[in-house]
Amino acid sequence: MNTAPALRRQSIVDAGGTGVPPPRPSSSSTAAATAAATATAATSGGNGHRATFLMTPSQQGRRPSLVNAAAAQPVPSTPSRAYENSYRVTPEKPFSAVAARSVLREVMEEVLEGQQYDQHTCRQLTTSLADAIKTRVKELGHPRYKIVTNVAIGQAGDATLAFASRCVWNDSFDSFAEYTFRNGSLYAVGLVHALYCD
């Protein structure tokens with residue numbers, strides 16, 4: 001007696017459980033090869049979740065492939081917030097270089113007074129001084145200005161040192177302030193550039 005092995009149907013596995021696959025179209029049916037048929041597979045889980053699969057003909061004309069319809073649908077995006085142009089090309093409050101230089105002097109003298117030069121300590125001081133100066137200058141209340149702060153600390157000695165900076169800007173609105181601090185052990189140069197962003 002010749003017994004053929006029993007054919008098994010593969011089940012569709014979804015996140016919620018297993019389901020029954022849609023019926024396989026016959027090779028003689030041309031309508032199934034040209035049009036997409038929708039089949040629903042219900043999961044056996046108790047959460048009531050249903051997955052929808054689309055049967056689409058493959059490009060080579062072979063057996064149709066299963067596509068998860070939920071994954072194929074676009075995810076709705078959150079609405080973006082629309083801002084209107086202000087068309088303001090001049091600052092409401094022009095940057096004050098005098099006030100910024102006063103902030104530079106106050107912060108640098110407060111932190112560096114009596115400080116001895118040490119390369120490891122001064123490396124951290126440059127970062128903390130630049131952050132403190134930028135925060136204080138922003139508190140002066142110049143909206144739409146980008147504040148760039150540079151601080152350099154070196155050991156006091158007989159050598160001379162020159163600092164130079166270049167920037168492409170609008171000289172009607174943009175400005176800068178600088179201050180140099182010295183004591184017997186070190187020197188420090190602080191620079192603040194204010195660039196108006198229209």
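Structure shown above.
Residues numbered from 1 in each chain as written. Predicted model: local features only at pLDDT ≥ 70, side-chain atom pairs only at ≥ 80, totals over all residues. Heavy atoms only, no water.

**Notes on unusual backbone geometry**
Glycine aside, negative phi is the norm for most residues, and most peptide bonds take the trans geometry. Within the chain, R144 stands out as a residue other than glycine whose phi angle is a positive 65°. Considering the arrangement of structural elements, one finds R144 in the loop between α4 (119–138) and β6 (145–155). Accessibility expressed as a relative area gives 34% for R144, which makes it partly exposed. (Helix = DSSP H or I, 4+ residues; strand = E, 2+ residues; numbered from the N terminus. Buried < 20%, exposed > 50% of the residue type's maximum accessible area, 1.4 Å probe, protein only.)

**Thoughts on α4**
For α4, with 20 residues, the first-to-last C-alpha span of 29 Å sits near the 28 Å given by 1.5 Å per residue. When we look at burial in α4, the residues that qualify are C122, L125, T126, L129, A130, I133 and V137. In this structure, the buried residues of α4 make contact with α3 (97–112), β6 and β8 (186–196). (Expected span 1.5 Å × (residues − 1). Contact = heavy atoms within 4.5 Å.)

**Brief notes about the pattern of salt bridges**
According to the stated counting rule, one finds two salt bridges in the structure shown. Where E92 meets R88, a salt bridge forms, and the shortest distance between an N and an O atom there is 3.7 Å. The partner of R136 in a salt bridge is E106, with the nearest N and O atoms 2.7 Å apart. Pair noted here: R136 is in helix α4 and E106 is in helix α3, with a separation of 30 residues, a long-range link. Overall, R136 belongs to the partly exposed group, its relative accessible area being 29%. (Salt bridge = Lys/Arg side-chain N within 4 Å of Asp/Glu carboxyl O.)

**Considering the pairing of strand β7 (residues 175–182)**
Of the two faces of β7, the one lined by S175, A177, Y179 and F181 is fully buried and the one lined by F176, E178, T180 and R182 carries no buried residue. Linking β7 back to β8 in an antiparallel pair, the connection comprises three residues. (Pairing = 2+ DSSP bridges.)

**A few points about the environment of T180**
Relative to the assigned elements, T180 resides in strand β7. Taking C-alpha positions, T180 is 9.9 Å from E109, a pair spaced 71 residues apart along the chain. Residues in contact with T180, not counting those within four places in the same chain, are A188 and V189.

**Re the packing of α3 against α4**
Between α3 and α4, the shortest axis-to-axis distance is 10 Å and the interhelical angle comes to 145°. The element α3 and its partner α4 pack so that their crossing is right-handed. Residues V103, L104, E106, V107, M108, V111 and L112 of α3 lie in contact with α4, whose contacting residues are L125, L129, A132, I133, R136 and V137. Class assignment of the residues belonging to the contact of α3 with α4 gives a composition of 11 nonpolar, no polar and two charged. (Axes fitted to C-alpha atoms, helices over the stretch in contact; angles between N-to-C directions. Left-handed = near helix turned anticlockwise from the far one by under 90°. Nonpolar A, V, L, I, M, F, W, Y, C, P; charged D, E, K, R; others polar.)

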